[in-house]
There are 2 protein chains.
Amino acid sequence: MSKSILRTDAGESPDHEDDAGLRQAIELLFFAYRDFTGEADALLADTGFGRAHHRVIYFVGANSGITVAELLKILKITKQSLSRVLGQLIEEDFIDQRTDEIDRRRRRMYLTIKGAELERRLTERQSLRIEKAYQGVGPAGVEGFRAVLRGIINEEDRNTVSNIKKPEKKI
Amino acid sequence: MSKSILRTDAGESPDHEDDAGLRQAIELLFFAYRDFTGEADALLADTGFGRAHHRVIYFVGANSGITVAELLKILKITKQSLSRVLGQLIEEDFIDQRTDEIDRRRRRMYLTIKGAELERRLTERQSLRIEKAYQGVGPAGVEGFRAVLRGIINEEDRNTVSNIKKPEKKI
DNA sequence: GTATATATGTCAATAACACTGACTTAAATT
DNA sequence: AATTTAAGTCAGTGTTATTGACATATATAC
């Protein structure tokens, strides 16, 4: 009685993953992301910052010297949204913004000592959670995890994620 | 020069996953979730509903007859937050709420025809995305994907996700 | 060198989603 | 009869995001 809502409840589905398997994946993504971000959210709660600040700190940390436009492309939010968050982070000395030497329209962003310290604490927690989840899964399983997530990402953005095997990222 | 921020930039890290690998996983989760939800968000945009409505519709669809308290536990939001979203969904006839026959304090929720139709459209899209991501990864890889996500979820909630291999879910 | 395009920033209004705290109602349990 | 549980509501607040309009500085094209 409870089985499928995706298909019309008959017993077909021949060659592809069954509905239940796909629904399970949907739920796994929801719960995993909820808990994955929840931990960092809790750590941030004291500082007055939120998830948006975390994202900015993370990506500036991962891409030192990133420009505003590049950051917007990654986050897929509007300039005005970023502005508020970024303004606070600069104001409170977590991020340093410097004009590009060559193209003086561009502002490049860097973590301050304080910013890097916060980034480290946040990333450390999340890394630990993932590291634990990797345990007992085995290299092939971990590779499967990566491959499926990569496949879920919009094609045009798959290369935005740093690809370890290949030489070096740039962004 | 850009490598690690997690550890102090020296070349250690012996037995465990290296920082770059874990950072990559963090980014994969971010981008995958962003795009995974983005598609449904776009579909919802016309209707005036948002991601919160989607979550309620999804979980009521997956757990027909779920009570308010059970839904709150899954979503980890407050009663007041749910109230707004749920109220709209009932008002606009996507969800039907009926008093439990036995315990008349409980209100059980069900999708209406209209609600089930919307749920189907949303879940279909997301399922298709996951199905595509599964292609070429192989059964072991898919199992790895599931296992890692399950490991990321807080221990107390790992069984909230339907576990296909075992008899049946309940919630 | 003037015109145009690009990169960034800002002002104002609005909306979705979430929170805390305090309280009510109805029904079940003790 | 007293207490607990399930659900709902009122009021106030905060974070994250949106759209639209406009301003400034700099680079590039003609």
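Residues numbered from 1 in each chain as written. Chains lettered and ligands numbered in written order. Predicted model: local features only at pLDDT ≥ 70, side-chain atom pairs only at ≥ 80, totals over all residues. Heavy atoms only, no water.

Draft legend 1. How the structure looks around the layout of surface pockets. Size it by volume and the largest pocket reaches roughly 580 Å³. In terms of lining, the largest pocket is formed by 26 residues, of which the most central are Tyr-33, Arg-51 and Arg-55 of chain A together with Tyr-33 and Arg-51 of chain B. Put simply, the parts of the chain that give the lining of the largest pocket at least two residues each are helix H1 (19-45) and helix H2 (51-62) of chain A together with helix H1 (19-45) and helix H2 (51-62) of chain B. Counting residues per element, the lining of the largest pocket draws most heavily on H1 of chain A, which supplies 8 residues. Broken down by class, the residue content of the lining of the largest pocket amounts to 8 nonpolar, 5 polar and 13 charged. (1 Å grid on protein atoms, 1.4 Å probe; cavity = no way out; pocket = protein on both sides within 12 Å on 5 of 7 lines; lining within 4 Å. Points joined across faces, edges and corners; volume = space filled by probe spheres on them. Helix = DSSP H or I, 4+ residues; strand = E, 2+ residues; numbered from the N terminus. Nonpolar A, V, L, I, M, F, W, Y, C, P; charged D, E, K, R; others polar.)

Draft legend 2. Molecular detail of the protein's contact with DNA strand D. If you check the shell around DNA strand D, you find 24 residues, and the closest are Arg-55, Thr-78, Gln-80 and Ser-81 of chain A together with Lys-79 of chain B. When the atoms of DNA strand D within 4 Å of the protein are sorted by group, sugar and phosphate make up 60%. Contact distances for DNA strand D include 2.6 Å between a base oxygen and a side-chain N or O atom of Gln-80 of chain A. At 3.2 Å, a backbone N or O of Ile-102 of chain A approaches a phosphate oxygen of DNA strand D. No other element matches the 4 residues that H2 of chain A contributes to the surface near DNA strand D. When its residues are assigned to classes, the surface near DNA strand D shows 5 nonpolar, 8 polar and 11 charged. (Near = heavy atom within 4 Å. Polar contact = N/O pair within 3.5 Å; in protein donor to acceptor, adjacent residues only side chain to side chain.)

Draft legend 3. Fine view of the environment of Arg-34 of chain B. Assignment of secondary structure puts Arg-34 of chain B in helix H1. Leaving out residues up to four positions away in the same chain, Arg-34 of chain B has contacts with Lys-73, Ile-74, Leu-75, Lys-76 and Asp-157 of chain A. Of note is the side chain of Arg-34 of chain B, whose polar atom sits 3.0 Å from the side chain of Asp-35 of chain B. (Contact = heavy atoms within 4.5 Å.)

Draft legend 4. Highlighting the sheet that holds strand E2 (residues 95-99) of chain A. All names here are of chain A. Strand order in the open sheet made by the 3 strands is E1-E3-E2, with antiparallel pairing throughout. Among the strands making up the open sheet, the edge pair consists of strand E1 (66-67) and E2. Note: E2 against strand E3 (residues 107-111), 5 bridges, orientation antiparallel. Of the residues in E3, the one forming a bridge with Arg-98 is Arg-108. Across the sheet, H2 lies against E1, E2 and E3, angled at about 100° from E3, the strand it touches most. (Pairing = 2+ DSSP bridges. Axes fitted to C-alpha atoms, helices over the stretch in contact; angles between N-to-C directions.)

Draft legend 5. Highlighting the pattern of salt bridges. A complete count under the given rule lists 28 salt bridges over all chains for this structure. Across the pair Arg-120 of chain A and Glu-124 of chain A runs a salt bridge whose closest N-O atoms are separated by 3.1 Å. With Arg-120 of chain A and Glu-124 of chain A both in helix H5 (residues 113-134), this residue pair falls 4 residues apart, about one helical turn. Look at Arg-120 of chain A and you get partly exposed, because its relative accessible area is 24%. Residue Glu-124 of chain A is classed as partly exposed on the basis of its relative accessible area, which comes to 36%. The closest approach of N and O atoms between Arg-146 of chain A and Glu-143 of chain A, which form a salt bridge, is 3.3 Å. You can see Arg-146 of chain A and its partner Glu-143 of chain A sitting in helix H6 (residues 139-152), 3 residues apart, about one turn around the helix. Several salt bridges share partner residues, and in doing so they unite Arg-34 and Asp-35 of chain A together with Lys-76 and Asp-157 of chain B into one network. (Salt bridge = Lys/Arg side-chain N within 4 Å of Asp/Glu carboxyl O. Buried < 20%, exposed > 50% of the residue type's maximum accessible area, 1.4 Å probe, protein only.)

Draft legend 6. The relation of the copies chain B and chain A, seen in detail. Once turned by 179° and shifted 0.0 Å along the axis, chain B lies on chain A with an RMSD of 0.1 Å. Both chain copies can therefore be described as sitting about a two-fold axis. If distances are taken from each C-alpha of chain B to the rotation axis, the shortest is found for Phe-145 of chain B, at 1.8 Å. Here 100% of the interface residues in chain B have copies in chain A that are interface residues too; the copies meet face to matching face. (Least-squares fit on C-alpha atoms with pLDDT ≥ 70 in both.)

Draft legend 7. Molecular detail of the protein's contact with DNA strand C. Surrounding DNA strand C, one finds 24 residues, the nearest of these being Lys-79 of chain A together with Arg-51, Arg-55, Thr-78 and Gln-80 of chain B. Each atom of DNA strand C within 4 Å of the protein was assigned to sugar, phosphate or base; sugar and phosphate come to 63%. Here Arg-107 of chain A contributes a backbone N or O atom positioned 3.4 Å from a phosphate oxygen of DNA strand C. Secondary-structure elements contributing two or more residues to the surface near DNA strand C are helix H3 (68-75) and helix H4 (79-91) of chain A together with H2 and helix H4 (79-91) of chain B. With 4 residues, the single largest contributor to the surface near DNA strand C is H2 of chain B. Each residue belonging to the surface near DNA strand C can be placed in one class, and the counts come to 5 nonpolar, 8 polar and 11 charged.

Draft legend 8. Molecular detail of unusual backbone geometry. Residues and elements named next belong to chain B. Of note, the phi angle at Lys-76 is positive, near 55°, even though the residue is not glycine. Mapped onto the elements, Lys-76 comes out in the loop between helix H3 (68-75) and H4. In this structure, Asp-93 takes a positive phi of about 65° despite not being glycine. Mapping Asp-93 onto the fold places it in the loop between H4 and strand E2 (95-99).

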